[in-house]
Amino acid sequence: MTRFVARVAGAALVAAGVYAAPLAAQTAPIRGFARDQLDRRARLERILRTTPDTARLRQYMLFMSEEPHHAGSARSRIVAEYALGLFHQWGLAAEIETFEALLPIPVAREVELLAPVPYSAQLREPALSADKDSGDEHQLPTYNAYSADGDVTGDLVFVNYGLPEDYDRLARLGIDVRGKVVIAKYGRSWRGIKPKVAAEHGAVACLLYSDPEDDGYYVDDVYPQGPMRPWQGVQRGSVMDMPTYPGDPLTPGWGATPGSRKLPRDEVPTLMRIPVLPLSYGDAQHLLAALGGPVAPNDDWKGALPITYRLGPGPARVRVRLAFDWSVRPIYNVIARIPGATYPDQWVLTGNHHDAWVNGAQDPISGAVGLLETARSFAELLKTGWRPQRTLIFALWDAEEWGLIGSTEWAEAHADELASKAVAYINTDSYERGRLGLSGSHSLETFFREILRDTPQPQGEGSALDALAAHALAEAKTAGDSAKAREWTYRLGALGSGSDYGPFLDHLTIAAAHAGYGGGQEAGIYHSIYDSYTFFTRFLDPGFLFGRSQSGAVGVALLRLLDAPILPFSFTDAADTYRRYATEIDSLATAELGEASVDLETVRSALDRLAAAGAAFDSALAGATARGRSWLERRRADLGSINAEVYLSERDLALEGGVPRRPWYRHAIYAPGFYTGYGVKTMPGIREAVEQGDRAEAAVQAARVAEALERMAARAATAAATLRAITDTP
């Protein structure tokens, strides 16, 4: 769904100087394991790193991206059955779980410039002789899913990126969009925010386009000569109001199993209320060039088209006509399992989606084929006699592109089991060459730092952690920046929304992470017909070396979570990060509300208790692992109940009734912002109240966050005391 991995690779930067080459697993400490277990861990991890095969990754991608396979299509079922067959071939228990969802497909699309010079938008991407897949049959047309039907006409207004601050700027210039058609650039926020804000300001339709300054010829040569979006390239995508809730719009909060109850469509709050359609910058130029009115401001409003950017309204007058087939269609999740030998009711999950807007070689097939090779690697591991201590679940989700539908419906349908059994969920999506980025629950920060430390770079020397450190130094602009870069410590990024971790983290409050290589290649084929095998193997990962590395790194992370005698969560890391969020909100409150800012003393007191419990748990963990492998194996029953307390600690961060205005989002620490789409708002209830200038609401939300942190601290303290007690006995 998202360009997330490239952003994460740059944002989840590192750490503590430039590291040496990755330490061997048998000498580097691994949180949750005893030292005398590390030699065997090294042998097992070596299998997971060396089994993924670039030829197989290529083979899977060739098949899965050969034809368009959007959710609800016959080809989507074929792709799901292909993956199912591979799981079975490798000896893994697997099945397809079928759900159904509202998946609208357009039956009419028209955009006409009526004045001052008539023009009919092409609304199609041309096939290229250099890319055979660009001319495949059964491509979805260029459109935005969950747009409203409509036939509207109005004067045109250019609204920059279409964000709330852009409308504030227009208002200061005396420009009102009520009754107007607005045109906005893609970027700076998730696409669904743009028509949402447009409708709130009274616009009757919203057109979206990719300006060449962002992902076209201004950046690099366009495809097929280069990697950027050509003149008639278009970004498809959902405009469901996902900050309200993701998943099937008709079944909020319950699984959309065949025949399940459904909301009437006119009662669904996540459907757009005005027509929305994406344009190429080739089509958009005709509309923008016809605008009069003030010249666009001299900051980021002007793009790279060879025109004078003006705001309107008029004299450009535009008609937009859209109509959709609003059918409910089947979707297919592929689920494979390896049962746990000791703790079968403790589940470690990993997932990637398999549906695409068109062929989707990068998004999502690059990540999907990596998951398949991770699964095959575990099948090879089983042949050695190894059995996981916990249950491992692989998932290939359907209908992610439409709004995280496959994962959300599965999570909602299995919510009761997941509430007690899910240890953690690791998500992947599309990837490209670059650096291995990670974001997720901060109780897993030390865990993922060790994964980066122990992951060799696909090309060159050093580890994935080294690559992040080197990038931080390379980005430094001054000597002072360089000095700061050398002193940084690794920080795990925070998650908002945008991929299939959402229902696990945001709704069920299961510890989760998103992983993927990115940041090494600018590309402009996102959600277009040019996201093909030809493009991927020319520009993004020609040798599949980064795909092989990602597959191995995720495999090692899963293995450590599966087998750790004591789960490698760190309450100390969580408390440290949450304290930084509280400090950020303090500064924001002072800026927004003045000196009498929001009182976060209850939050800080709870964080003090969480930090103390974390220190006690760290001490107990060190004492337990110092007892060695034999002792840990003898105490598996006791450790199993302690580990349940450890992973259930993330559930303590669930807010009853969810965050304000959005009850589906229940995590006290992480949620996408109401107007940021994918972008995270940490401690969202407090932060958004401060941003709205509502001191009373901020105080209410601070009390709720403090209560959640107190619950987590109490559970962590109990786990620490129990672990200490059994460590002090033979």
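Refer to the structure printed above.
Every chain begins its residue count from 1, and numbering advances along the sequence as written. Reporting of local features is limited, given that this is a predicted model, to residues whose pLDDT is at least 70; pairs of side-chain atoms are given and counted only at 80 or more, and all residues count toward the totals for whole chains, interfaces and linings. Side-chain metrics rest on all non-hydrogen atoms present in the structure, leaving aside hydrogens and water.

*Asks:* Got a minute to help me understand the packing of aromatic side chains in this structure?
*Replies:* Each aromatic ring pair is described using two quantities: the centre-to-centre distance and the angle formed by the ring planes. Here a pair means two rings of Phe, Tyr or Trp (six-membered ring of Trp) with centres within 6.5 Å. Their orientation is stacked below 30 degrees between planes, edge-to-face above 60, and tilted elsewhere. Applying the stated criterion to the full structure yields 33 aromatic pairs. Ring plane angle 65° and centroid distance 6.5 Å describe the contact between Tyr143 and Trp402, whose orientation is recorded as edge-to-face. Linking Tyr143 in the loop between β3 (119-120) and β4 (144-145) with Trp402 in the loop between β13 (390-397) and α10 (405-413), this pair joins segments that are 259 residues apart in sequence. Comparing Tyr143 with Trp402 shows no difference in burial state: the two are buried. Through a chain of ring-to-ring contacts, the aromatic side chains of Tyr60, Phe87, Trp90, Phe378, Trp386 and Phe394 assemble into a single cluster. Put simply, DSSP marks the helices as runs of H or I at least four residues long and the strands as runs of E at least two long, and each gets a number from the N terminus on. Note on classification: 1.4 Å probe, protein chains only; a residue is buried when its accessible area is under 20% of the maximum for its type, exposed when over 50%, partly exposed between these limits.

*Asks:* How do you make sense of helix α5 (residues 164-172) when you look at a structure like this?
*Replies:* Owing to its 3.6 residues per turn, the α-helix brings residues three or four apart onto one side. If you check which residues of α5 are buried, you get Asp166, Tyr167 and Leu170. In an axial view of α5, the angular spread of the buried residues amounts to 100°, which keeps them on one side of the axis. Exposed positions of α5 whose direction lies more than 90 degrees from the buried face are Ala171 and Arg172. Only heavy atoms matter for contacts: two residues are in contact if any of them lie within 4.5 Å across the pair. At its buried positions, α5 is contacted by β5 (150-158), β6 (181-185) and α6 (193-200). Remark: Gly174 follows α5 within two positions and exhibits a positive phi of approximately 80°. Regarding the arc, it is the one traced by the directions from the helix axis to the C-beta atoms.

*Asks:* Looking at this structure, how should I read the pattern of salt bridges?
*Replies:* Charged atoms that come close allow side chains of opposite charge to pair. Salt bridges are identified by distance alone: a Lys or Arg side-chain nitrogen within 4 Å of an Asp or Glu carboxyl oxygen. The full count for this structure, using the stated rule, is 36 salt bridges. As a salt-bridge pair, Lys421 and Glu417 come within 3.3 Å of each other at their nearest N and O atoms. A residue pair is termed a helical-turn pair when its members lie 3 or 4 positions apart in one helix, as Lys421 and Glu417 do in helix α11 (residues 415-421) at four residues. Look at Lys421 and you get buried, because its relative accessible area is 16%. Exposure remark for Glu417: the relative accessible area of 32% places this residue in the partly exposed category.

*Asks:* Is there a simple way to think about helix α4 (residues 74-89) in this case?
*Replies:* One fewer than the residue count of a helix, multiplied by 1.5 Å, yields its expected span. The terminal C-alpha atoms of α4, which comprises 16 residues, lie 23 Å apart, in line with the 22 Å expected from a rise of 1.5 Å per residue. Those residues of α4 lying buried are Arg75, Ser76, Val79, Ala80, Tyr82, Ala83, Leu84, Leu86 and Phe87. Next to the buried residues of α4 lie α3 (54-64), β1 (93-102), β11 (328-338), α9 (361-382) and β13. Phi turns positive, to about 85°, at Gly91, one or two residues after α4.

*Asks:* Before we go on, may I ask you to explain the sheet that holds strand β16 (residues 512-519) in this structure?
*Replies:* As a general point, the strands of a sheet are linked pairwise by backbone hydrogen bonds and lie either parallel or antiparallel. The strand order β1-β11-β13-β12-β14-β16-β15 describes an open sheet built from seven strands, whose pairing is mixed. Lying at the two open borders of the sheet, with one neighbouring strand each, are β1 and β15 (434-440). Here the strands of the sheet are splayed against their neighbours by 20° on average, with no regard to which way each runs. For β11 and β13, the ladder comprises five bridges, and the chain directions are antiparallel. Residue pairing in the sheet places Ile338 in a bridge with Leu392 of β13. The sheet contacts of α10 involve β1, β11, β12 (343-353) and β13, and relative to β11 the element is tilted by about 65°. An axis is simply a line fitted to the C-alpha atoms; with a helix, the fit covers only the stretch in contact. Between two such axes, the angle follows the N-to-C directions and lies from 0 to 180 degrees. Across the face of the sheet, helix α21 (residues 636-648) comes into contact with β12, β13 and β14 (422-427) while running at roughly 45° to β12. The criterion for strand pairing is that DSSP finds at least two bridges linking the strands in question.

*Asks:* Explain the sheet that holds strand β10 (residues 317-325) to me, please; I cannot follow it from the model alone.
*Replies:* With respect to topology, seven strands assemble into an open sheet ordered β3-β2-β10-β5-β6-β7-β9, the strand pairing being mixed. Of all strands in the sheet, those with a lone pairing partner are β3 and β9 (276-279), marking the two edges. In the sheet, β6 pairs with strand β7 (residues 205-209) via five bridges, with the strands oriented parallel. Within β7, the position partnered with Val182 by the bridge is Cys206. Strand contacts of α6: β6, β7 and β9, with the helix running at about 150° to β7, the strand carrying the most contacts.

*Asks:* Please explain the side chain of Asn333 as it appears in this structure.
*Replies:* The topology assignment puts Asn333 in strand β11. Residue Asn333 is classed as buried on the basis of its relative accessible area of 0%. Here Gly406 takes part through its backbone oxygen, which lies 3.0 Å from a polar atom of the side chain of Asn333. Among all residues touching Asn333, those that are not within four sequence positions of it are Glu95, Ile96, Glu97, Phe99, Leu396, Trp397, Asp398, Gly406 and Trp410. Counted as a polar contact is a pair of N or O atoms within 3.5 Å, where, for protein atoms, one must be capable of donating a hydrogen and the other of accepting one, and residues adjacent in sequence contribute only when both atoms are in side chains.

*Asks:* For this particular structure, what's the right way to read unusual backbone geometry?
*Replies:* Trans is the common state for peptide bonds, and a negative phi is the common state for residues other than glycine. The amide bond that connects Ala115 to the next residue, Pro116, takes the cis arrangement and shows omega of 5°. Turning to its location among the elements, Pro116 is positioned in the loop between β2 (105-115) and β3. With omega at 0°, the peptide bond leading from Gly312 into Pro313 counts as cis. One non-glycine residue, Thr509, adopts positive backbone phi at about 50°.

*Asks:* Help me out: how do you make sense of the nonpolar core in this one?
*Replies:* Side chains that are nonpolar tend, in soluble globular proteins, to be buried together. Formed by 239 residues in total, the largest nonpolar core has its most connected members in Phe87, Phe378, Trp402, Phe448, Tyr578 and Val603. No other element matches the 13 residues that helix α23 (residues 695-727) contributes to this core. The residues touching Phe378, leaving out its near neighbours within four places in the chain, are Leu48, Ile338, Trp386, Leu392, Phe394, Gly555, Leu558, Leu559 and Leu562. Nonpolar core, defined: a set of buried Ala, Val, Leu, Ile, Met, Phe, Trp, Tyr and Cys residues in which side-chain atoms within 4.5 Å join the residues together.

*Asks:* For this particular structure, what's the right way to read the packing of α9 against helix α17 (residues 545-563)?
*Replies:* Packed helices, taken two at a time, are described by their axes: the angle between them and the distance between them. For the pair α9 and α17, interaxial distance at closest approach is 9 Å and the crossing angle is 50°. In terms of their interaxial angle, α9 and α17 are classed as oblique. Pair α9 / α17 crosses with right-handed handedness. Between α9, through Gly370, Glu373, Thr374, Phe378 and Leu381, and α17, the contact on the second element is made entirely by Ser551, Gly555, Leu558, Leu559 and Leu562. Side-chain classes are defined by residue name, with Ala, Val, Leu, Ile, Met, Phe, Trp, Tyr, Cys and Pro counting as nonpolar, Asp, Glu, Lys and Arg as charged, and the others, Gly among them, as polar. Looking at the contact of α9 with α17, its residues break down into five nonpolar, four polar and one charged. Put simply, angles under 35 degrees are roughly parallel, angles over 145 are roughly antiparallel, angles from 65 to 115 are roughly perpendicular, and the rest are oblique. Note on convention: the crossing is left-handed when the near helix lies turned anticlockwise from the far helix by less than a right angle, right-handed when the turn is clockwise.

*Asks:* How should the environment of Ala582 be read in this particular structure?
*Replies:* As for its placement among the helices and strands, Ala582 is situated in helix α18 (residues 571-593). Residues Ala582 and Leu48, spaced 534 residues apart in sequence, show a C-alpha to C-alpha distance of 39 Å.

*Asks:* When you look at the packing of helix α19 (residues 601-626) against α23 in this model, what are you seeing that I'm missing?
*Replies:* Two elements in contact, α19 and α23, have axes separated by 8 Å at closest approach and are oriented at 20°. Between α19 and α23, the angle falls in the class roughly parallel. Between α19 and α23 the crossing geometry is left-handed. In terms of residue class, the contact of α19 with α23 is made up of 21 nonpolar, four polar and three charged.

*Asks:* Quick question: what am I supposed to make of the pairing of β14 here?
*Replies:* Remark: a regular strand shows side chains that alternate across the two faces of the sheet. With respect to burial, β14 is a largely interior element, six of its six residues being buried. Sheet topology places β12 next to β14; five bridges connect them, and they run parallel. The partner of Gly351 across the bridge, within β14, is Asn427. Of the strand pairs in this sheet, β14 and β16 are connected by three bridges, and their pairing is parallel. Bridge pairing in β16 links Asn427 to His514.

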